[in-house]
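# Inside the fold
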Amino acid sequence: MATSLVGKKAPSFNAKAVINGAEIVSEFSLDQFVGNKYVIFFFYPKDFTFVCPTELHAFQEKLAEFEKRNCQVVACSTDTEQSHWGWLQMEKAQGGIKGITYPVVADTTKTISINYGCLFGEYDVDDAGNLVADGPMIAFRALYLIDKNGKVRHQLINDLPLGRNVDEALRVLDALQFNEEHGEVCPANWTKGKDGLKESHAGVAEYLSKH
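A few points on the structure. A quick note: this is a predicted structure, and the numbers were derived from the prediction, not measured.

Attention shifts here to the overall build of the chain. Helices and strands together make up the secondary structure of the chain, namely 6 helices and 9 strands. Since a compact globule built from 211 residues should have a radius of gyration of about 17 Å, the 19 Å found for the chain is in line with a globular shape. Dimensions of the chain, computed from the C-alpha atoms along their principal axes, are close to 65 × 45 × 30 Å. A total of about 10900 Å² of accessible surface is found on the chain, and carbon and sulfur atoms cover 52% of it. Between the centroid of the 21 positive side chains of the chain and the centroid of its 28 negative side chains there is a distance of 6 Å.

With that settled, the discussion passes to the sheet that holds strand β3 (residues 38-43). Spatial strand order, β2-β1-β5-β4-β3-β8-β9: 7 strands in an open sheet with mixed pairing. At either margin of the open sheet sits one strand with a lone partner, and together these are β2 (23-28) and β9 (152-158). Taken pair by pair, the neighbouring strands of this sheet meet at an average axis angle of 25°, ignoring direction. Across 6 bridges, strand β8 (residues 141-146) lies against β9 in antiparallel orientation. By the bridge assignment, I146 is partnered in β9 with V152. Where helix α1 (residues 51-61) meets the sheet, it contacts β3, β4 (71-77) and β8, and its direction lies at approximately 20° from that of β8. In the packing of helix α3 (residues 81-88) onto the sheet, contacts are made with β1 (15-19), β2, β4 and β5 (104-106), and the angle to β1 comes to roughly 10°.

Let us look at the pairing of β1. Counting buried residues in β1 gives 4 out of 5 residues, a clear majority hidden from the surface. As consecutive antiparallel partners, β1 and β2 are separated by 3 residues, and within that stretch N20 has a phi angle of approximately 55°, a positive value.

Moving on to unusual backbone geometry. Peptide bonds are mostly trans, and most non-glycine residues show a negative phi. Backbone geometry places K110, a non-glycine residue, at a positive phi of 70°. Relative to the elements of secondary structure, K110 occurs in the loop between β5 and α4 (111-115). You can call K110 buried: its relative accessible area is 17%. Positive phi outside glycine occurs at N189, with the angle close to 65°. For N189, the position within the fold is in the loop between α5 (166-182) and α6 (201-210).

A grouping of E122, D124, D126, D127 and D134 is seen on the molecular surface, where their side chains present a negatively charged patch. Structurally, the position occupied by E122 is in strand β6 (residues 119-125). Under the relative-accessibility criterion, E122 is labelled partly exposed at 48%.

Okay, the environment of G7 next. Note on placement: G7 falls in the segment before β1. If we skip the residues at most four places from it in the chain, G7 touches K151 and V152.

Calculation rules
- Residues numbered from 1 in each chain as written.
- Predicted model: local features only at pLDDT ≥ 70, side-chain atom pairs only at ≥ 80, totals over all residues.
- Heavy atoms only, no water.
- Helix = DSSP H or I, 4+ residues; strand = E, 2+ residues; numbered from the N terminus.
- Rg over C-alpha atoms; globule rule 2.2 N^0.38 Å.
- Areas by Shrake-Rupley, 256 points an atom, 1.4 Å probe, with all protein chains shown as cover.
- Lys, Arg positive; Asp, Glu negative; His and termini not counted.
- Charge placed at Lys NZ, Arg CZ, Asp CG, Glu CD.
- Pairing = 2+ DSSP bridges.
- Axes fitted to C-alpha atoms, helices over the stretch in contact; angles between N-to-C directions.
- Contact = heavy atoms within 4.5 Å.
- Buried < 20%, exposed > 50% of the residue type's maximum accessible area, 1.4 Å probe, protein only.
- Patch = residues over 30% accessible without salt bridge, like charges linked within 9 Å, V, L, I, M, F, W, Y side chains within 5 Å.
- Salt bridge = Lys/Arg side-chain N within 4 Å of Asp/Glu carboxyl O.

Here's what the structure looks like:
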């Protein structure tokens, strides 16, 4: 498994994806957003499962907030594009993800998950020379915040049972944009509208004296 991607260029890929909840495209890449948009790129383990639809709907519910911040949300799992498409046709009340409009990438070769360091399992070769897999070979619940230069600025990887907090993804995006706009850093529990602090001994002393 790869080490942290924070501070590094987000790995490039071209893959099939479902966009706008219905259309399958053969070549989808995050490179199209470089120089233009921030990206929240998140992985989930499997279509037609249990925690996963709650997360996909949670991102959809806050999609306007991400768009307001010039941020593209993109999901990905190791399922096929046909599986994604089928799940997207299933009603929410039946456990489906109908109504999701952001892109859902099909990492059928598992290479995207490997390159992002979030594949649960590894390939190996046994004594007979056969390719074997150690683990379920699906993605952990990983999330990456990518800036407009294509660099990863934040990553989070949860084990399979642990659903993510979409408000936290928004908070970290706000923190990055605050830092870029004001040049100040964001202290513990910072949220949009609160004070930042100057990156100096005097700055932290001033902040702590007020808080």
